[in-house]
Amino acid sequence: MGSMTREVYKKSLKNVKIAQGAVVALAVVYGLKKLYPHIYSQLGSPTKDAGSKGTRTTDVEKAGPENGPLGTGLQKKGAATINKDFFKQLFKLFKIMLPGLFTKEAGLLSLHTASLVCRTFLSIYVAKTDGKIVRSIVKRDMKSFAALLAQWLAIAVPATFINSALRFLENKLSLAFRTRLVSHAYSLYFDQQTYYRVTNLDGRLSNPDQCLTEDLTIFAHSVAHLYSQLTKPLLDIVLITLTLANMAARKGASSRIPSLISGTTIFFTGQILRAVSPKFGKLVAEEAHRKGYLRYVHSRIITDAEEIAFYGGHQVELTLLQKSYRALAEQMNLIFRKRLWYIMLEQFLMKYVWSAAGLLMVAVPAMTAAAYQNEDNASELERNEAISERTQDFTTSRKLLFDSADAMERLFSSYKEITELAGYTTRVSEMFDVFEDVRQGKYQRTAVAGEGEGKRQLAVKGLQRIEGPLRIEGVVTETRDSIILKDLPIITPTGDVVVACLNLTMEPGMHVLITGPNGCGKSSLFRILGGLWPVYKGNVYKPKPDRMFYIPQRPYMSIGTLRDQVIYPDTLDNMRSKGVTDADLMDILGIVHLQQIVQREGGWGAVSDWKDVLSGGEKQRMGMARIFYHRPKFALLDECTSAVSIDVEGKIFQEAKDAGIALLTITHRPSLWKYHTHLLQFDGEGGWRLRSWTPPRASH
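Notes on the structure in this doc start here. These numbers come from a predicted model, not from an experiment. (Residues numbered from 1 in each chain as written. Predicted model: local features only at pLDDT ≥ 70, side-chain atom pairs only at ≥ 80, totals over all residues. Heavy atoms only, no water.)

## Observations concerning the packing of helix α17 (residues 582–591) against helix α20 (residues 616–630)
Part 1 of the reasoning: Direction vectors running N to C along α17 and α20 enclose 130 degrees, while the axes themselves pass 9 Å from each other. Taken together, α17 and α20 sit at an angle that is classed as oblique. Two packed elements cross with a definite hand, and for α17 against α20 that hand is right-handed. Contacts between α17 and α20 pair L585, I588, L589 and I591 from the former with M622, A625, F628 and Y629 from the latter.
Part 2 of the reasoning: The residue inventory of the contact of α17 with α20, partitioned by class, reads eight nonpolar, no polar and no charged. (Axes fitted to C-alpha atoms, helices over the stretch in contact; angles between N-to-C directions. Helix = DSSP H or I, 4+ residues; strand = E, 2+ residues; numbered from the N terminus. Parallel < 35°, antiparallel > 145°, perpendicular 65-115°, else oblique. Left-handed = near helix turned anticlockwise from the far one by under 90°. Contact = heavy atoms within 4.5 Å. Nonpolar A, V, L, I, M, F, W, Y, C, P; charged D, E, K, R; others polar.)

## Side note on unusual backbone geometry
Part 1 of the reasoning: Residue P569 is reached from Y568 by a cis peptide bond, and omega for that bond is 5 degrees.
Part 2 of the reasoning: Looking at where P569 falls in the secondary structure, it is placed in the loop between α15 (562–567) and α16 (572–577).
Part 3 of the reasoning: For H593, which is not glycine, the phi torsion reads 60 degrees and is therefore positive.
Part 4 of the reasoning: Within the secondary structure layout, H593 lies in the loop between α17 and α18 (596–601).
Part 5 of the reasoning: The phi torsion at R631 lies on the positive side, around 50 degrees, for a residue other than glycine.
Part 6 of the reasoning: By the secondary structure assignment, R631 is in the loop between α20 and β10 (634–638).

## Quick look at the side chain of Q565
Part 1 of the reasoning: Mapped onto the elements, Q565 comes out in helix α15.
Part 2 of the reasoning: The class of Q565 is buried, set by a relative accessible area of 0%.
Part 3 of the reasoning: Residues within four places of Q565 in sequence aside, it is in contact with M557, S558, G560, W610, M622 and R626. (Buried < 20%, exposed > 50% of the residue type's maximum accessible area, 1.4 Å probe, protein only.)

## Brief notes about the pairing of strand β12 (residues 678–682)
Part 1 of the reasoning: Across the five residues that make up β12, a large majority, four, are buried.
Part 2 of the reasoning: Note: strand β5 (residues 512–515) against β12, four bridges, orientation parallel. In the sheet register, I514 faces β12, and the bridge partner there is L680.
Part 3 of the reasoning: With five bridges joining them, β12 and strand β13 (residues 688–692) adopt antiparallel strand pairing. The residue of β13 that forms the bridge with L679 is R691.
Part 4 of the reasoning: Taking the residues that link successive antiparallel strands as the turn, the β12-β13 hairpin has five residues, and the phi of G684 there is positive, at about 80 degrees. (Pairing = 2+ DSSP bridges.)

## Here's the deal with the packing of aromatic side chains
Part 1 of the reasoning: Here the structure, examined in full by the defined rule, presents eleven aromatic pairs.
Part 2 of the reasoning: With a centroid separation of 5.4 Å and an interplanar angle of 35 degrees, the aromatic rings of Y189 and F435 are classed as tilted. Note that Y189 is positioned in helix α5 (residues 142–189) and F435 in helix α12 (residues 380–439), a separation of 246 residues in sequence.
Part 3 of the reasoning: Among the aromatic residues, those joined into a ring-pair cluster are Y186, Y189, F190, Y195 and F435. (Phe/Tyr/Trp six-rings, centres within 6.5 Å; stacked < 30°, edge-to-face > 60°.)

## Observations concerning the sheet that holds strand β11 (residues 662–666)
Part 1 of the reasoning: Strand order in this open sheet of six strands is β7-β10-β11-β5-β12-β13, and the pairing throughout is mixed. Both outer strands of the open sheet, β7 (548–551) and β13, are each paired with one neighbouring strand and no more. Between one strand and the next, the sheet's axes are offset by a mean angle of 15 degrees, whatever the strand orientation.
Part 2 of the reasoning: Those strands touched by helix α14 (residues 522–529) are β5, β7, β10, β11 and β12, and its axis lies near 140 degrees from that of β11.

## Observations regarding the packing of helix α4 (residues 104–139) against α5
Packed helices, taken two at a time, are described by their axes: the angle between them and the distance between them.
Part 1 of the reasoning: The geometry of α4 relative to α5 is characterised by a closest axis approach of 8 Å and an angle of 160 degrees between their N-to-C directions. The angle between the axes of α4 and α5 places the two elements in the roughly antiparallel class. The handedness of the crossing between α4 and α5 comes out as left-handed.
Part 2 of the reasoning: Here the residues of the contact of α4 with α5 sort into 23 nonpolar, seven polar and seven charged.

## Some words on the pattern of salt bridges
Pairing is possible between side chains that carry opposite charge, provided their charged atoms lie close to one another.
Part 1 of the reasoning: Under the criterion given, the structure shown has 20 salt bridges.
Part 2 of the reasoning: Across the pair D202 and R204 runs a salt bridge, and its minimum N-O distance is 2.9 Å. Exposure class is identical for D202 and R204. Each is buried.
Part 3 of the reasoning: Of the charged contacts, one joins D582 and R563 as a salt bridge, the two residues approaching to 3.0 Å between their closest N and O atoms. Remark: R563 occurs in helix α15 and D582 occurs in helix α17; sequence separation between them is 19 residues.
Part 4 of the reasoning: Residue class for D582 comes out partly exposed when judged on its relative accessible area of 29%.
Part 5 of the reasoning: Where salt bridges share partners, they join E214, E287, K291 and R295 into one cluster. (Salt bridge = Lys/Arg side-chain N within 4 Å of Asp/Glu carboxyl O.)

## A closer look at a nonpolar patch on the surface
Part 1 of the reasoning: Together, F267, F268, I272 and V276 give the surface a local cluster of nonpolar side chains, amounting to about 370 Å² of exposed area.
Part 2 of the reasoning: When you line up the elements, F268 lands in helix α8 (residues 256–276). (Patch = residues over 30% accessible without salt bridge, like charges linked within 9 Å, V, L, I, M, F, W, Y side chains within 5 Å. Areas by Shrake-Rupley, 256 points an atom, 1.4 Å probe, with all protein chains shown as cover.)

## Focus on α4
Part 1 of the reasoning: For α4, built from 36 residues, the straight-helix expectation of 52 Å at 1.5 Å per residue is met to within 8% by its first-to-last C-alpha distance of 52 Å.
Part 2 of the reasoning: Where α4 ends, the next residue or the one after it, R140, has phi of about 60 degrees, a positive value. (Expected span 1.5 Å × (residues − 1).)

## Examining empty space enclosed by the protein
Part 1 of the reasoning: Taken as a whole and assessed by the stated rule, the structure comprises one cavity of 30 Å³ or more.
Part 2 of the reasoning: Computed from the structure, the largest cavity encloses a volume of approximately 40 Å³.
Part 3 of the reasoning: Taken together, L637, D638, E639, C640, T641, F653, T665, I666, T667 and L672 form the lining of the largest cavity.
Part 4 of the reasoning: Among the secondary structure elements, those contributing two or more residues to the lining of the largest cavity are β10 and β11. (1 Å grid on protein atoms, 1.4 Å probe; cavity = no way out; pocket = protein on both sides within 12 Å on 5 of 7 lines; lining within 4 Å. Points joined across faces, edges and corners; volume = space filled by probe spheres on them.)

Have a look at this one:
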């Protein structure tokens, strides 16, 4: 009796020491959590720029302005959190990803769900088989052990296939969701010139490339992954709970105490994690925001590499890149630090506290079951059978409870992923909202630094700026062969009224030359005629877009063959349907003096980076070749031959006139004046004058 007392005392003393050690460890960890940010700020603070003089840079300065021309994405409407708006946005996006029951996505979702159900039943079957194997070991039944082991290995084949199929179906579902979202986004992006208007007329979304690629990809993957993360644990919990309840009922054990332990543990775990959980949605959204700005800075350097090199501005660009990267790195470090302590607490509660609770839940029924209470009067054989049966039930219950605890852990861990999903849901949903608004002509301008100075400059010129939202009240009407502007104000997207009221009538056979100082509205008029800018007031009568063709100073060179450069934006099929042959294209190149490049570049089917292969003058002549291919009624030429020699330029303009193409030309070259019949002059102060122009005869 005394020896038993000593053993009990030693065990209790050992348990007390373990408890004391756990308390001390928790206190140390808590102290480290409180001191860590201060230590990190002293040891790991980023090095300041050489020229910063110790000044502190704000987050906005590090990441760049939130909106406007240098913005990184969406205008912030608030933190991305799990609320009613999040579920509305998610439901709206889910209808895009899953448009109906009889779709490919619905089929993949059904297969994925069926695989999850099969996986849960296999887990239960494997747990029962484990219990039987342990029972055969306790009974020392080699024949039964060998048969059960073979059965256990046989079930591994479908189990491993189901596991692999789950990953495969999750990836397929993610790709299918992304495909639906991308198709919907592209249909909006390329409708009503949204791709132009979203960055030039609206200030809410300045880097749609990131939203259309990275954000859509991460969002689709998160939705597909979360479906597995939520559905599988729920199925596991429901089916395993039913299995354990049936096992307890068969043995005559009460399930009330285990249920109470389980409910109490889960409730307090949920409350603790919810109370200490960081706002991962807001943190991840800000990380994506800063990634977008870093990408934007890189793209600027690639686009303007020649200008930066000429100016020697590499140090300025390097400083901006480093500042942008540090802002991103600091945000990522912040997320890492938040995750460190949150995951530590999460793992402690879910792995160790839940494991202890699980052992209690298994031990109580095993000790109190009615089937195990009458063993004292049983024979030795019956006692051994009861022990082996109890061992089997304990092993099976323990395995099932651990699977259930793992499922519950995944459910709690999913909360963090859902908050991160909320950030991407907000960005993707608001991107679609911006696209829809822009298609309907609803634009939102953002405040830009220097607006006060802009107002003063406009006031000096006698012009004005419209404050508040711009209302589109103008009327656009299609005509056949004329351009008529009635009481048309030229208003920029920022609200600057460049010309208060313009009236112009242009008939076939008229060739209008447009002149004036910079910023007077010459190119702005072309943007209105081309439909890029809205008609805020007045009336515009113009032909259909296919009867007008615009050529800018820097012609766009597409990705494709040499033939594609001449017929752009037509395709080869469009060209053939018009009855145009390569011989006709060669004649067109003869007009613009470019026939030699066909042989030089390897024929019409040659593919190159034409933007770099062709010189500035060749690109401009290629742009002019397009008007002879498309044969529009009106050609809008914006300084499009400034790099072409004067003699070749004159021949091209004369050929265009002979082809019956009415010219509307912006140029500073006096040599082109003689090819026009009218002169439209802007004075840069809101005024204009149109007069007929009779060029002097050239002396022989």
